[in-house]
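Okay, here's what each chain looks like letter by letter:
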Amino acid sequence: MKIFLETYGCQMNVSDSEIVCSVLAAAGHEIAPALEEAEVVLINTCAIRENAYRKIYGRLDRLRPHRLRMIKEKGHFVVGLLGCMAQNLKKDMFKHPVVNLVVGPDNYRALPDLIAKLAARDQIKQTEIDADLSEYETYQGIDPKRFDGVNAWVTIMRGCDNFCTFCVVPYTRGRERSRSLSDVLAEVHRLVAQGFSQVTLLGQNVNSYQAEGLSFADLIVAVADVPGVSRVRFTSPHPKDFPDALLEAIANHPNICKHIHLPLQSGSDRVLELMSRTYTGAEFLALAQKIRRSIPNVSISTDIIVGFPTETESDHQKTLILLKTVGFESAYIFKYSERKGTIASKKFPDDVSSALKTSRIVALFDTQREIALEKNRTKIGSTLNVMLEGESDKRPGFQVGKTEGNMTVIFPQTPHPLGTIIPIVVTDATSATLLGKSQSLSMPVLEMF
Ligand code: SAH
Ligand code: SF4
Ligand code: F3S
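Given the structure is predicted, the values throughout are model-derived calculations rather than measurements.

Focus: the overall build of the protein chain
Alright, step 1. The secondary structure content of the protein chain amounts to 14 helices and 19 strands.
Alright, step 2. Principal-axis analysis of the C-alpha atoms places the extent of the protein chain at approximately 65 × 60 × 45 Å.
Alright, step 3. A total of 449 residues make up the protein chain; the buried ones form 54% of that total.
Alright, step 4. For the protein chain, the accessible area works out to roughly 19,500 Å², and carbon and sulfur atoms hold 54% of it.

Put into structure tokens, the structure is as follows:
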């Protein structure tokens, strides 16, 4: 059958969709490039905030006329929900009139059978579900189907045992489990052979990686040592357990990017405790300072939640101060969104008004924009190693790439193939982007004229 797959949510979901494509292809299905050609639509979903749900319900509503047309023309049409929302809402998803298949993140091996069952019956009325979390599933033996690109996502562990009180992930992805080093390394070798220049190692909490007595630091070093890997990235470590061995690995391996995504969530010790983050603002700051001391020119990005239950103006000010003190290169800032089933939803009413959440998020955004602009402007005139990732959508004739610190750089067309690391001289900067020109081209071009 022709199957169209759409992906929402985090990189972990993108990586899972590649596993889904591989499972489907092995069963003889074809991945359709457009919805119009497909008999089955699979939507890989996210549950992290309420607007993730809203997006999916909107998408399902928009599928209604297309589904009716397909049923009229072909007699069947399957709409399958995969991923975190499917796992979280399970058979409640069937309340939406278009959904007839629900499959959780640990059940993708069952997809071909479930689709076959639906295909054999009158699917307009029939449903199939498999949303049982597993303690063991790591999709060992499945080679994710990659699409063209520079970066390959490699999931090294699944699940999360941290139970931060606001977070739905431990419920949608189950318990932590790590892939074996040999499985990960075999995948990285295949990726190099396929021409990928960069590998990004994924886990909800990479420092909990543990397999055959090996830690995440051991794993990242082994991956960085695979010949042909130009860049290694990873996301995310939890600030509670950032070992020195990982700092040393990043500092000492030229191809491990000097970028660390370190989610702060709040600068208030009282709120951090209610969130069960198990560190204080002072401990976070000490870790950030140690990271900056150990790794010259490191970029640190973060996640922050505003309006967690009971958050006062004084808590918010503490977050603002810590944001300025650490001086993050970038920050993702979210309004607290109550998730059913989480500890916070049971213990603390969502009592910060929407207007207050908005004013606090704006205050943090504005401050972060100033910090980022100031930091980016200091880079003007310097030469940075930029990995060429593609053409610019916004500026014709320009290409885009990423610095080691994960900054986006735009520069005039170069003759290099994608994935090449090019020295780029920074000529201008905004809070989000650097503008530059290829060092290798600038001189000869000027001389020629
Ligand atoms: N495992 C990752 C986080 C994954 S979720 C980590 O701990 O680093 C990505 C981010 O979404 C979190 O860092 C948090 O800032 C945000 N988030 C999670 N649950 C949320 C909620 N209920 N409301 C608002 N933001 C949330
Ligand atoms: Fe969620 Fe916390 Fe786990 Fe991250 S570490 S996925 S925020 S429970
Ligand atoms: Fe990712 Fe969303 Fe699930 S952030 S882990 S897809 S809830």
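Details of the site of ligand 2
Alright, step 1. In the vicinity of ligand 2, the contacting residues are Cys160, Asn162, Phe163, Cys164, Phe166, Cys167, Val169, Pro170, Gln204, His238 and Arg277.
Alright, step 2. Residue composition of the shell around ligand 2, grouped by class: seven nonpolar, three polar and one charged.

Description of the side chain of Gln265
Alright, step 1. Relative to the helices and strands, Gln265 is located in the loop between β12 (259–261) and α9 (269–274).
Alright, step 2. Once residues within four sequence positions are removed from consideration, Gln265 is found in contact with Phe166, Met275, Arg277, Tyr279, Asp303, Ile304 and Ile305.

Focus on helix α1 (residues 11–26)
Alright, step 1. An ideal rise of 1.5 Å per residue puts 22 Å on 16 residues; α1 measures up with 23 Å between its terminal C-alpha atoms.
Alright, step 2. Among all positions of α1, only Met12, Asn13, Ser15, Asp16, Ser17, Glu18, Ile19, Val20, Cys21, Ser22, Val23 and Leu24 are buried.
Alright, step 3. Phi for Gly28, located one or two positions after α1, is positive at around 90°.

Observations regarding the sheet that holds strand β17 (residues 408–412)
Alright, step 1. As summarised here, the arrangement of the five strands in space is β15-β16-β17-β19-β18, forming a closed barrel in which the pairing is mixed. Each adjacent strand pair in this sheet contributes to an overall mean axis angle of 50°, direction not counted.
Alright, step 2. In this structure, strand β16 (residues 398–403) lies alongside β17, joined through five bridges in antiparallel fashion. The residue of β17 that forms the bridge with Phe398 is Pro412.

Some points on the nonpolar core
Alright, step 1. Counting 57 residues, the largest nonpolar core has Ile156, Leu201 and Phe216 as the members making the most contacts within it.
Alright, step 2. In terms of domain composition, this core takes at least three residues from each of domain 2 (148–257) and domain 3 (260–377).
Alright, step 3. Apart from residues no more than four positions distant in its own chain, Ile156 is found in contact with Ser178, Arg179, Val184, Leu201, Leu202, Val206, Tyr209, Phe216 and Leu219.
Alright, step 4. In this structure, Phe4, Leu81, Cys84 and Ala86 belong to the second largest nonpolar core, which totals 26 residues.

Considering the site of ligand 1
Alright, step 1. Taken together, 15 residues surround ligand 1, and among them Gln204, Pro263, Gln265, Asp303 and Ser337 come closest.
Alright, step 2. The backbone of Phe166 places a nitrogen or oxygen atom 3.0 Å from a nitrogen atom of ligand 1.
Alright, step 3. For ligand 1, the protein covers 89% of the area, taking 550 Å² as the surface of the free molecule.
Alright, step 4. Breaking the shell around ligand 1 down by element, the ones donating at least two residues are β13 (299–306) and β14 (330–335).
Alright, step 5. Its residues assigned to classes, the shell around ligand 1 shows six nonpolar, four polar and five charged.
Alright, step 6. Counting the residues that make up the shell around ligand 1, at least three belong to each of domain 2 (148–257) and domain 3 (260–377).

Quick notes on the sheet that holds strand β11 (residues 231–235)
Alright, step 1. The strand order across the open sheet formed by three strands is β7-β10-β11, and the pairing between neighbours is parallel. Of all strands in the sheet, those bounded by a partner on one side alone are β7 (151–155) and β11. Pairs of neighbouring strands in the sheet enclose a mean axial angle of 25°, with direction left out of account.
Alright, step 2. In this structure, β7 lies alongside strand β10 (residues 198–202), joined through five bridges in parallel fashion. Across the sheet, Val154 pairs through a bridge with Leu201, a residue of β10.
Alright, step 3. α1 contacts β7, β10 and β11 of the sheet and is inclined by roughly 90° relative to β7.
Alright, step 4. Running at roughly 170° to β7, helix α6 (residues 181–194) makes contact with β7 and β10 of the sheet.

Regarding the packing of helix α11 (residues 313–326) against helix α13 (residues 354–377)
Alright, step 1. At a closest axis distance of 10 Å, the pairing of α11 and α13 adopts a crossing angle of 15°. What the angle tells us is that α11 and α13 run roughly parallel. For α11 against α13, the interelement crossing comes out right-handed. Two secondary-structure elements touch here, α11 through Glu313, His316, Thr319, Leu320, Leu323 and Lys324 and α13 through Arg360, Ala363, Leu364, Thr367, Gln368 and Ile371.
Alright, step 2. Each residue belonging to the contact of α11 with α13 can be placed in one class, and the counts come to five nonpolar, four polar and three charged.

Quick notes on the domain arrangement of the protein chain
Alright, step 1. Here the protein chain is partitioned into domain 1 (2–130), domain 2 (148–257), domain 3 (260–377) and domain 4 (383–438).
Alright, step 2. The straight-line distance from the C-alpha centre of domain 1 to that of domain 2 is 28 Å.
Alright, step 3. Summed over both sides, the interface of domain 1 with domain 2 buries roughly 1,300 Å², with 55% coming from carbon and sulfur.
Alright, step 4. Contact with domain 2 buries area across many residues of domain 1, yet Gln11, Met12 and Asp106 alone supply 40% of it, more than any other trio.
Alright, step 5. Across the domain 1-domain 2 interface, the total number found is four salt bridges.
Alright, step 6. Linking Arg158 and Asp106 is a salt bridge whose minimum nitrogen-to-oxygen distance equals 3.8 Å.
Alright, step 7. Applying the counting criterion to the domain 1 and domain 2 interface returns six residue pairs in polar contact (both at pLDDT 80 or more).
Alright, step 8. Sorting the residues of the side of domain 1 that touches domain 2 by element identifies α1 and α3 (83–89) as the ones contributing at least two each.

Parameters at a glance
- Residues numbered from 1 in each chain as written.
- Chains lettered and ligands numbered in written order.
- Predicted model: local features only at pLDDT ≥ 70, side-chain atom pairs only at ≥ 80, totals over all residues.
- Heavy atoms only, no water.
- Helix = DSSP H or I, 4+ residues; strand = E, 2+ residues; numbered from the N terminus.
- Buried < 20%, exposed > 50% of the residue type's maximum accessible area, 1.4 Å probe, protein only.
- Areas by Shrake-Rupley, 256 points an atom, 1.4 Å probe, with all protein chains shown as cover.
- Near = heavy atom within 4 Å.
- Nonpolar A, V, L, I, M, F, W, Y, C, P; charged D, E, K, R; others polar.
- Contact = heavy atoms within 4.5 Å.
- Expected span 1.5 Å × (residues − 1).
- Pairing = 2+ DSSP bridges.
- Axes fitted to C-alpha atoms, helices over the stretch in contact; angles between N-to-C directions.
- Core = buried A, V, L, I, M, F, W, Y, C linked by side-chain atoms within 4.5 Å.
- Domains from an automatic or database assignment.
- Polar contact = N/O pair within 3.5 Å; in protein donor to acceptor, adjacent residues only side chain to side chain.
- Parallel < 35°, antiparallel > 145°, perpendicular 65-115°, else oblique.
- Left-handed = near helix turned anticlockwise from the far one by under 90°.
- Buried area = accessible area lost by both parts, 1.4 Å probe.
- Salt bridge = Lys/Arg side-chain N within 4 Å of Asp/Glu carboxyl O.

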